[in-house]
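# A structural walkthrough
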Amino acid sequence: MAKRNKNRNKDNTNVTSGSTVIKWLWMLFWISLVLIALTFVMIVKGWVGYLPDVEELENPIDRYATQVISSDNVNMGTFSLKNGNRVYANYSDLSPYITNALVATEDARFEEHSGIDAWALVRAVVKLGHAGGGSTISQQLAKQLYSEHASNVLERIFQKPIEWVIAVQLERYYTKQEIINMYLNQFDFLYNAVGIQSACWVYFGKKPKDVTVQEAAALIGMCKNPSYFNPIRKPERVQGRRNVVLDLMQAQNFITKEQCEAAKATPLVTDFHKADHKEGVAPYFREYLRLTMSAKKPKRSDDKYKYDIYRFADDSLAWETNPLYGWCHKNKKKGGSYYNIAADGLKIYTTIDSRMQKYAEEAVTEHVGGYLQPAFFREKAKSATAPFDRNLNQAEMDAIMDKAIRQTDRYRELKNNGTSESEIRKIFNTQTDMQVFSWAGIKDTVMTPRDSVRYMKMFLQTGFMAMDSHTGAVKAYVGGINFQYFQYDMVNQGRRQIGSTVKPFLYSLAMESGFTPCSEVLHVPQTIIGEDGKPWTPRNTVKSHPGENVTVGWGLQNSDNWVTAYLMGQMSPYTFKRLLLSYGLSEPIVPVPALCLGSCDASVGQMVSGYTAFDNAGLRIEPIYVTRIEDRNGNILASFAAQSHEIISESASYQMLSMLQGVMNGGTGGGMRGRQGVTVAMGGKTGTTQSNSDCWFVGFTPSLVGGCWVGGSERSIHFNSMNEGQGARAALPVMGIFLKKVFADPKLGYSETERFKVPERYSNPCAGGSEDEDLSGLPTIPTTPPAKAGKMDDIFN
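Not measured: the values here are computed from a predicted model.

Moving on to the overall build of the protein chain. The helix and strand inventory of the protein chain stands at 27 helices and 20 strands. In the protein chain, which comprises 797 residues, the proportion classed as buried is 51%. In the protein chain, the share of contacts with a sequence separation of at least 24, taken over all contacts with a separation of at least 6, comes to 69%. As presented, the protein chain carries roughly 37,400 Å² of accessible surface, and 52% of it is formed by carbon and sulfur atoms.

Shown next, in the form of C-alpha cells:
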C-alpha cells in the first residue's frame, strides 16, 4: 500500500513537473512571438536599424554611370563613380534567358510570394530538397540596397529581419519585373562591371538582349559568389556553375532538355573588355567631354587661372556662349540639385562615328607609329642630347627634365607623403621594375624613373580631328598616341605654333581687300618696319622666279614667304589679329609682322573649325560634339546644334577655295595626290615651324574637314632635317590614310568622286566678286613692293 502511494505521488510530481515545463514552453513561445512582433514593430517604426522612407523606396537606386554613345549607336564608354560602373538597363532590354536563369537559380517561387518565401526558409533550415538558400530575390535586393546602413553591432544582429521588412515593402511598391530589373542593375559582377549591362559588355562584348542562353547562365551563376565564380580567372569552375544553372532552368521548364544539353556542351568563351575610362572608343574625346560638361563657372580666384588670364577669358566666354560647357552645373534635376555626370545615368549621344574614329586611330598608328617614330629613333640613336635638340646644353636639358619629373604622378605622391627633395632625387635615380609604352605593346623593363621620363619623351605626339564641314559634327577625335600613357589632349587642350597653316587666313583678308588670286607681286625679299621701328625681313625657301612677277595664287600654292610678307605689308597686324580671332583662334595673339607666317599658337580643333569657312560661303562652323542628352529613362534633357559665324564674303571664300585646291593639286600639299593617292577634290595647307618643331596639315573635301599636328612634347624635340620634319611628310599622310579608309567603307556614304559646288558667278576666281558686289573704291593692286631697307632672318618656314 505504501509502495503504491509512493508511486502515485511520484506520478503526480511528474505530471506537475511536466505541466510546469509545458507552461514554460508556452510562455517562451508567446514571449518569443511578442518579441518578434515587437522587433518588427521597432523596425517598421525605424527605432531599430535603418528603414528607408517611402520616397527612397520609390527611388532606391540613383547612382548610375553615364553612357557615351556614338552617332552609329555604339557605346563608347561610361563616366562612373569610383565604386562602380553601373549602366542602367530597362527590363525590356534584357534577354529572357537572363531573367529566367535568375528566377530558376535564386528564387523558383518568385511569382508566388510577397517578398518572403516561408517554404524556402523552412527548406533552408532542414535542408529539404536541394540545399538552396532561403533568401528571395526581393530580400537579396534589399540587402544590396541597404546593408551599407548597418553601422553597428545591434543593426547587424537585426539585419536579416530588417531585410525581410524592406523586401515586403519593395513588393508593395514594385512589380515583379521591376524588382528583377533593379536586382540585375545593382549586382556587382567584378572588374568594375556593376549591373547586368556592364557585365554583358565586360565579359562578352554584347548588349543584355543579345546574350545566348549559356552566356546568361554563366553571368547568373556568378550571383552565388562572383569572386569564387570568376569567368576570367576560373573558367572551368564557372563552366560547372553555368551547367548547374542550365539544369535548374530546365527543371523550371524555361528551356527544353535539348537546349540544356546543347548549351552545356558548349565551351565557355568570353570576350573580355576591361571597364576602364582609359580604354574604349575615343578616350581623349570622352575625357574632353567629361571635363567640358563638368566645368564650373570660372572664377578669377581659381588656382588654374592664377597665372593664365587668357584661359580665364576663354573659359568665361565658353560658359556664356557654349551650352555644352558646364552643362552639369547649368542644369538642375527635378529635386533642385545639379546633374552629376558620373552618377545620374545620363545618355550622351555624340557626333563621333565609331568606324571613322577607328580609321583615324589606325591612320595615326600606321604613320606616326609605323613610319615616323622608327625614323625618329634612327636619327636620334647616336645623339648625346636625344631626344632634345642637339644645340641644347646640359643645364637646359636638366631644366626640361626637372619640370617633367615634377609633373609625374610618382613625384606628386612622394611629395604628398612628405618625402624630401633629396630623397625624391635618389628615388628617381634608382633603378626599378616598371612597364613603359612602346608601339609594339607595353614593355616590361628595368630603369630609373628619371630615365623612364626621358624615354617617354622620345615618342612623337599627335593630334587629329575630322568633322563634317557643313554641319560641324565631329566624326573622329584622336588627342594623342595612347591615352593610358600620354593623357595630354593635343586636339583641344594643347596649342602649338601653326606656321604656314595661318597663310590662308591672311590671303582671305587680302581677297576682301581687293586682291585676287591673279594679282601679281614682284618676287623679291620683303621688309616690314614693325611698331618698334625694327625691320623684319623673312627668309624664303622658294628659290624659283627671283625678281619676276608672280601671282598671289602662286604664292599660296608654294607657301612663298616673300609674297605672304608683301600682303602682310599691305594690311594692319591688328586687323589681321582680329580676323584670326574671328576664325576661332584665341589669345594671346601678338600683332606683329611675323604673325603672317604663323607665330601664334592654336589647337587642332581651332584650325579645323577655321578652315570650314573656305567651303561654306564664308561661314565658319563651330565643332559640335553632342547632339542630345537623355536621362536614363530616355527623356530628352537637351539638344545641340552647330553655331556658325560669317567671317568673309562669298566671293572671297570661293577665291580661297580655288587657291587652296591649287595647293593640293600642284603645291606643298601635292603629296596627297602622289604618295597618298587620294583623288577626291581637296583644298588644304601644310605648315612647319622653326627647327621643324611643329608639323601641320589642315585640309578639306566637299564633305569633311580635318587637321593634324605632329611634334614632340617639347618644342626642343624634333627632327633635325625637313626630310621627315615638315607638315607635308609628318602630318599630311595621317589625313591621307584616314581618307582612303573612309572612302573604302561604302557604309559611311563618302565618295572619292565628290567635287566642290561653285556657283557660276564665282567660277572665275580672278573676277573679284559677283555682279551684286560693289567693288568700287578697292585699292589698285601694285605689282612691286614698297622700297624698305633692313634685314632680319625669319625663324618660320
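From this point, the narrative continues.
This part is about the sheet that holds strand 20 (residues 704–711). Backbone hydrogen bonds hold the strands of a sheet together, and the pairing may be parallel or antiparallel. The five strands lie next to each other as 7-6-20-19-18, forming an open sheet whose pairing is antiparallel. Each edge of the sheet is formed by a strand with only one pairing partner; in this case those strands are strand 7 (474–478) and strand 18 (683–688). Pairs of neighbouring strands in the sheet enclose a mean axial angle of 5 degrees, with direction left out of account. Sheet strands in contact with helix 27 (residues 732–743) are strand 6 (461–468), strand 7, strand 18, strand 19 (694–700) and strand 20, and its direction is about 140 degrees off that of strand 20.

Two numbers describe how helix 3 (residues 96–106) lies on helix 8 (residues 176–186): the axes approach to 11 Å, and their chain directions differ by 95 degrees. Taken together, helix 3 and helix 8 sit at an angle that is classed as roughly perpendicular. Residues Ile 98, Thr 99, Leu 102 and Val 103 of helix 3 touch helix 8, and the partners they reach there are Ile 180, Tyr 183 and Leu 184. Grouping the constituent residues of the contact of helix 3 with helix 8 by class yields six nonpolar, one polar and no charged.

Before going further, it helps to spend a moment on the state of the cysteines. Throughout the structure, instances matching the rule amount to one disulfide. With a sulfur-sulfur separation of 1.5 Å, Cys 518 is cross-linked through a disulfide to Cys 766. Residues Cys 518 and Cys 766 share a disulfide whose torsion about the S-S bond is about 55 degrees; that sign makes it right-handed. Here Cys 518, found in the loop between helix 20 (503–512) and strand 9 (520–522), pairs with Cys 766, found in the segment after helix 27; they are 248 residues apart in sequence, far enough to count as distant. Given the relative accessible area of 41%, Cys 518 is considered partly exposed. The class for Cys 766 is partly exposed, based on a relative accessible area of 26%. Lacking any disulfide linkage, Cys 695 is separated from the closest cysteine sulfur, that of Cys 708, by 9.3 Å.

Alignment of strand 4 (residues 432–436) against strand 5 (residues 443–447), held across five bridges, turns out to be antiparallel. Along strand 5, the bridge assignment pairs Met 434 with Thr 445. Hairpin connection, strand 4 to strand 5: the antiparallel pair is bridged by six residues, and Gly 441 has positive phi, about 130 degrees.

Turning to helix 22 (residues 561–570), a few remarks are in order. Within an α-helix, residues lying three or four positions from one another point in the same direction, as the helix has 3.6 residues per turn. Taken across its ten residues, helix 22 has eight buried, putting it largely inside the fold. Those residues of helix 22 lying buried are Asn 561, Trp 562, Val 563, Thr 564, Ala 565, Tyr 566, Leu 567 and Met 568. At the N-terminal boundary of helix 22, the capping side chain belongs to Asp 560, with an oxygen 3.0 Å from the backbone nitrogen of Trp 562.

A few words on the packing of helix 11 (residues 235–251) against helix 12 (residues 257–264). Where helix 11 meets helix 12, the closest approach of the two axes is 9 Å, and the angle between their N-to-C directions is 175 degrees. If you check the angle between helix 11 and helix 12, you find them roughly antiparallel. Contacts from Arg 242, Asn 243, Leu 246, Asp 247 and Gln 250 of helix 11 reach helix 12 at Lys 257, Cys 260, Ala 263 and Lys 264. Per-class residue counts for the contact of helix 11 with helix 12 are three nonpolar, two polar and four charged.

Take the sheet that holds strand 16 (residues 636–639) next. With mixed pairing, five strands are arranged side by side in an open sheet as 2-1-3-15-16. With partners counted over all chains shown, the strands left at the sheet margins are strand 2 (75–79) and strand 16, one partner each. Sheet twist, expressed as the mean angle between neighbouring strand axes with direction ignored, is 20 degrees. Here strand 15 (residues 626–630) runs beside strand 16; their pairing, made up of three bridges, is antiparallel. In the strand pairing of strand 16, Ile 629 is matched with Ala 638. Where helix 13 (residues 283–294) meets the sheet, it contacts strand 1 (66–69), strand 2, strand 3 (347–350) and strand 15, and its direction lies at approximately 40 degrees from that of strand 2.

For the protein chain, per-residue confidence averages 86 on the pLDDT scale, and 84% of positions sit at 70 or higher. Low pLDDT, under 50, characterises residues 128–132; the stretch is placed with five contacts to residues that sit more than four places away or in other chains. Predicted confidence for residues 769–797 stays below pLDDT 50, and this span has 73 contacts to residues more than four positions away or in other chains.

A separate point is unusual backbone geometry. With an omega of 5 degrees, the peptide bond between Ala 386 and Pro 387 qualifies as cis. Position of Pro 387 among the secondary structure elements: in the loop between helix 15 (354–380) and helix 16 (394–406). A cis geometry characterises the amide bond from Glu 587 onward to Pro 588, with omega recorded as 5 degrees. Tracing the backbone through its elements, the reader meets Pro 588 in the loop between helix 23 (573–582) and strand 13 (601–602). Positive phi, close to 50 degrees, is recorded for Ala 282, a residue that is not glycine. For Ala 282, the location among the structural elements is in the loop between helix 12 and helix 13.

Nonpolar side chains tend to gather and get buried jointly when the protein is soluble and globular. Ranked by size, the top nonpolar core spans 147 residues in total, and within it Phe 505, Phe 576, Leu 585 and Phe 738 carry the most contacts. No other element matches helix 15, which puts nine residues into this core. In contact with Phe 576, not counting residues within four places along its chain, are Val 502, Phe 505, Leu 506, Leu 509, Met 568, Leu 595 and Cys 596. Listed in part, the 46 residues of the second largest apolar core include Ile 179, Met 182, Ala 218 and Cys 223.

To continue, consider the pattern of salt bridges. One pass over the full model with this rule turns up 27 salt bridges. Close ionic contact of Glu 366 with Lys 741 constitutes a salt bridge, the shortest N to O distance being 2.9 Å. Of the two residues, Glu 366 sits in helix 15 while Lys 741 sits in helix 27, which places them 375 residues apart along the sequence. Between Asp 402 and Arg 450 there is a salt bridge, with the nearest N and O atoms lying 3.5 Å from each other. Of the two residues, Asp 402 is situated in helix 16 and Arg 450 in helix 19 (residues 449–456); the sequence distance between them amounts to 48 residues. Accessibility expressed as a relative area gives 32% for Asp 402, which makes it partly exposed. In the salt-bridge network here, residues are joined through shared partners; they are Lys 358, Glu 362, Glu 366 and Lys 741.

The rules we used
- Residues numbered from 1 in each chain as written.
- Predicted model: local features only at pLDDT ≥ 70, side-chain atom pairs only at ≥ 80, totals over all residues.
- Heavy atoms only, no water.
- Helix = DSSP H or I, 4+ residues; strand = E, 2+ residues; numbered from the N terminus.
- Buried < 20%, exposed > 50% of the residue type's maximum accessible area, 1.4 Å probe, protein only.
- Contact = heavy atoms within 4.5 Å.
- Areas by Shrake-Rupley, 256 points an atom, 1.4 Å probe, with all protein chains shown as cover.
- Pairing = 2+ DSSP bridges.
- Axes fitted to C-alpha atoms, helices over the stretch in contact; angles between N-to-C directions.
- Parallel < 35°, antiparallel > 145°, perpendicular 65-115°, else oblique.
- Nonpolar A, V, L, I, M, F, W, Y, C, P; charged D, E, K, R; others polar.
- Disulfide = S-S within 2.5 Å.
- Polar contact = N/O pair within 3.5 Å; in protein donor to acceptor, adjacent residues only side chain to side chain.
- pLDDT = per-residue confidence, 0-100.
- Core = buried A, V, L, I, M, F, W, Y, C linked by side-chain atoms within 4.5 Å.
- Salt bridge = Lys/Arg side-chain N within 4 Å of Asp/Glu carboxyl O.

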